[in-house]
Amino acid sequence: MSRVKGWVAMFVSAIAAVLVLGLSSVWLNIERMDLAYDLNKLEKELANRTALVAKLELERNNLISPYRLKRLAALYGLVPVGPGQMRIMTGQEKPKNAEENK
């Protein structure tokens, strides 16, 4: 009787182990598929953003093209600056009493 109980206990524990391993295998496959879907979604988002960056660079290059700027300048009556008309600003000078004004 004791041998039969031992075999039954071993059989039940083997079945339980197989069930646990089977369920963990299914759970891992579900997690793997979720990660694959997330990766696919992120790859699509990256592709969309890369395409958007390319479109924005093209638009920027179009907006700052010398030909377009010349045409707009002529439309608004702008002409190149003459001698003495341009001032180059390199930065603000600090007042002599900057520490006293704090």
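This one's a predicted model, so the numbers in the text were calculated from it and none came from an experiment.

For the rest of this paragraph, the subject is the overall build of the protein chain. In terms of helices and strands, the protein chain carries two helices and zero strands. The C-alpha radius of gyration of the protein chain comes to 37 Å, more than 25% above the 13 Å expected for a compact globule of 102 residues. Dimensions of the protein chain, computed from the C-alpha atoms along their principal axes, are close to 115 × 50 × 15 Å. Counting over 102 residues, the protein chain shows a buried share of 1%. Total accessible area on the protein chain stands at roughly 10500 Å², and carbon and sulfur atoms take up 65% of it.

The next subject is the pattern of salt bridges. Once their charged atoms are close, side chains differing in charge can pair, the charge on each being opposite to the other. According to the stated counting rule, one finds one salt bridge in the structure shown. For the salt bridge of Glu-45 with Arg-49, the shortest nitrogen-to-oxygen distance reads 3.0 Å. In this pair, Glu-45 and Arg-49 are both assigned in helix α1 (residues 2–63), four residues apart and thus about one turn of the helix distant. Classification of Glu-45 as partly exposed rests on a relative accessible area of 34%.

Of all 10 residues in helix α2 (residues 66–75), zero are buried; the element is thus mostly exposed. At the C-terminal side of α2, Gly-77 shows a positive phi close to 75°.

Now for a nonpolar patch on the surface. Taken together, the side chains of Val-4, Val-8, Phe-11, Val-12, Ile-15 and Leu-19 make up a nonpolar region of the molecular surface, amounting to roughly 570 Å² of accessible area. Structurally, Ile-15 can be placed in helix α1.

Parameters at a glance
- Residues numbered from 1 in each chain as written.
- Predicted model: local features only at pLDDT ≥ 70, side-chain atom pairs only at ≥ 80, totals over all residues.
- Heavy atoms only, no water.
- Helix = DSSP H or I, 4+ residues; strand = E, 2+ residues; numbered from the N terminus.
- Rg over C-alpha atoms; globule rule 2.2 N^0.38 Å.
- Buried < 20%, exposed > 50% of the residue type's maximum accessible area, 1.4 Å probe, protein only.
- Areas by Shrake-Rupley, 256 points an atom, 1.4 Å probe, with all protein chains shown as cover.
- Salt bridge = Lys/Arg side-chain N within 4 Å of Asp/Glu carboxyl O.
- Patch = residues over 30% accessible without salt bridge, like charges linked within 9 Å, V, L, I, M, F, W, Y side chains within 5 Å.

Shape descriptors only; they carry no functional weight alone.
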